[in-house]
Amino acid sequence: TMEEQSDRSSKRKVVAVVGGGLVGALNACFFAKRGFDVEVFESREDIRQAKVVKGRSINLALSHRGRQALKHVGMEEKIVSKGIPMHARMIHSLSGKQSPIPYGKKGQFILSVDRANLNKELLTEAETYSNTKLNFDHKLQDWNAETGLMTFVRCDGSKQQIEADLIVGCDGAFSAIRKQFLRRSRFNYSQTYIPHGYMELTMPPINGEFAMKPNYLHIWPRNTFMMIALPNLDKTFTCTLFMPFEEFEKITTGDEVIEFFQKYFPDAIPLIGVDALKKDYFRLPGQAMVSVKCSPYHIGNKCVLMGDAAHAVVPFYGQGMNAGFEDCIVLDEIMDKFNDDFSAVLPEYTRVRVPDDHAIADLAMYNYIEMRAHVNSKWFLFRKYVDNFLHLLMPKKIIPLYTMVTFTRTRYHKAVERWHWQDKVINRSLMLSATGAALGGSYLLIKNPPDINKLIIPAEKMWNRLLALRTA
Ligand SMILES: Cc1cc2nc3c(=O)[nH]c(=O)nc-3n(C[C@H](O)[C@H](O)[C@H](O)COP(=O)(O)OP(=O)(O)OC[C@H]3O[C@@H](n4cnc5c(N)ncnc54)[C@H](O)[C@@H]3O)c2cc1C
Ligand SMILES: Cc1cnn(-c2ccc(OCc3ccccc3)c(C(=O)O)c2)c1-c1ccc(Cl)c(F)c1
């Protein structure tokens, strides 16, 4: 009867998802699937009606963790079908030589997906649940941690007060929900802006075809400077240039852009185009990248932070969205375990998820520092060949860190522990084999000493070549 219907719906708990970006939209599907009344509040207009948003990364690398989350709400096939598989890295050397390094076995590939389309598809999917409502042009201004009362402001300046049983903060790296957390004792928080910025450039098709091989993550590792290119369905590539802000600031004219690319990414100039490069470069300034770590992720049984609102990571592992999507699976599993009792679920979510999200934040920062310091194309190739060789030799014992992070759901902090353990095993076996070689070698030397002068030059040459790998 109507009374029962109204009574039942009044019994259904209301979950307010603040932020209708990638994680918020996916989370809405997760909560709606569990039977909650879901209200999404997004500060922007409905992007499905608006034009393209400037200043956000245009495409993203989707990998296993993110796919598993999409699969949980029946979206994997729809998103993967619109993604472009990247089966290997394609490393571009200064001379323009392209060297592919496979990610792993045949089925192991990452996908280049369009950010705006992904967000739209997830919003539309959330809307298919009768118990979900999307509210655009609703910017959270303030909220009360005790009562769960939220104040939203609209474009016309009007305000709206909304109450919910659970508030899920998915409002990104500069989260307004997190502001209340900062006022509370024992809330740990750190944020780091790195000195690099990023800029996106478009590489158009040539004669209607991709300008480079499409099924690769193209990487130009130049230590301080790095560039990557991910393919798009319209046969363009979105190139992302990573460079210190002070370098961005030195380049003020079109000719200086070309001069810079001539020095570091010469092969990309004809592919992007001289005029396009000169124009695109000044379309937007270099964008900042911030790393945010915090804990706990919850307040009482009232509020929980997820996605970039909880852990913004620098994009040098291609895991930010994948980690945020995995947040949704982890919370859902804990909801199953504690039968949707938020007073038990939220503390458990903090206990389980904080170590992993902190681990991926650290790994992304580690990659940034490692690549900025040592990684040119030779060193990148060398490191990945060693990784792949050792994995081939001892597939069960040695799993490259990138493989654990990108192609499995190994908990991020467990992957780091295993990586450290594997490093110890490799170093120990290298030491053993070096010692063995030294002992064996010296035995042979004693038995029949060679003309030492003939030996010194090649050994020195080899040593210098090894050193050059790291510094060239
Ligand atoms: C250059 C770059 C490259 C990247 N590449 C990758 C990649 O290859 N792979 C990957 O996995 N990740 C990548 N990421 C990370 C990825 O973009 C983020 O992890 C992901 O967007 C986080 O999603 P989110 O929903 O938590 O936050 P967001 O996507 O930032 O969404 C937050 C939403 O909340 C809304 N909002 C903000 N404040 C309020 C408010 N007060 N009230 C209401 N709504 C609000 C915003 O409008 C937005 O819609 C990259 C990031 C960058 C910057
Ligand atoms: C978008 C996306 C998805 N994955 N990756 C990624 C990141 C790092 C990697 O190795 C680090 C390393 C190589 C060699 C030595 C140490 C560390 C690899 C790899 O192993 O292929 C792939 C990126 C990415 C994002 C930004 C930059 Cl600048 C970049 F180059 C790639």
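Our subject in this report is the structure included herewith. (Residues numbered from 1 in each chain as written. Chains lettered and ligands numbered in written order. Predicted model: local features only at pLDDT ≥ 70, side-chain atom pairs only at ≥ 80, totals over all residues. Heavy atoms only, no water.)

### Notes on the site of ligand 1
The condition is simple: Whether a residue is near a molecule or strand depends on its heavy atoms: it is near if one of them lies within 4 Å of it. Here a polar contact is recorded for every N or O atom pair within 3.5 Å, except that within protein the pair must consist of a potential hydrogen donor and a potential acceptor, and residues adjacent in sequence are included only if both atoms are side-chain atoms. Residue exposure ignores everything except the shown protein chains as possible cover, and the areas themselves are Shrake-Rupley values with a 1.4 Å probe.
With respect to spatial proximity, 32 residues lie near ligand 1, and among them Glu42, Arg44, Ala61, Arg115 and Asp308 are the closest. Between ligand 1 and the protein, one listed contact pairs an oxygen atom with a backbone N or O atom of Leu22 at 3.3 Å. Interatomic distance of 3.0 Å between a side-chain N/O atom of Asn322 and an oxygen atom of ligand 1. A total of 1,000 Å² of accessible area belongs to ligand 1 in isolation, and the protein chains cover 88% of it.

### Concerning the site of ligand 2
Cut-off, in case you're wondering: Helix numbers and strand numbers start at the N terminus; a helix is a DSSP run of H or I with at least 4 residues, a strand a run of E with at least 2. Gly is placed with the polar residues, together with every amino acid not listed as nonpolar (Ala, Val, Leu, Ile, Met, Phe, Trp, Tyr, Cys and Pro) or charged (Asp, Glu, Lys and Arg).
Arg89, Pro315, Met371, Lys384 and Tyr402 are the nearest of the 20 residues found near ligand 2. With respect to ligand 2, the side chain of Tyr103 contributes an N or O atom lying 3.4 Å from an oxygen atom. Note that a nitrogen atom of ligand 2 is positioned 2.7 Å from one of the side-chain N or O atoms of Tyr402. Within the complex, 97% of the 640 Å² of free accessible area of ligand 2 lies under protein. Elements that contribute at least two residues to the shell around ligand 2 include exactly β14 (216–222), β15 (225–231), α12 (342–374) and α13 (377–393). Broken down by class, the residue content of the shell around ligand 2 amounts to 14 nonpolar, two polar and four charged.

### Points about the side chain of His196
Put simply, the rule reads: Contacts are assigned to residue pairs that have any heavy atoms within 4.5 Å of one another.
Among the secondary structure elements, His196 is positioned in strand β13 (residues 188–203). Of note is the side chain of His196, whose polar atom sits 2.7 Å from the backbone oxygen of Thr224. Discounting residues that sit within four places of it in the chain, His196 has contacts with Thr224, Phe242, Met243, Pro244, Phe245, Met289, Tyr368 and Arg372.

### A short note on the pattern of salt bridges
Quick note on the threshold: Salt bridges are defined as contacts in which a side-chain nitrogen from Lys or Arg sits within 4 Å of a carboxyl oxygen from Asp or Glu. Under the scheme applied here, a residue whose accessible area is under 20% of the maximum for its type counts as buried, over 50% as exposed, and between as partly exposed, the area being computed with a 1.4 Å probe on protein chains only.
Going through the model one piece at a time under the given rule, you end up with 27 salt bridges. Between Asp357 and Arg353 there is a salt bridge; the shortest N-O distance is 3.3 Å. You can see Asp357 and its partner Arg353 sitting in helix α12, four residues apart, about one turn around the helix. Owing to a relative accessible area of 2%, Arg353 belongs among the buried residues under this scheme. Across the salt bridge formed by Lys414 and Glu417, the nearest N and O atoms sit 3.9 Å from each other. In this pair, Lys414 and Glu417 both sit in helix α15 (residues 412–447), three residues apart, roughly one turn of the helix.

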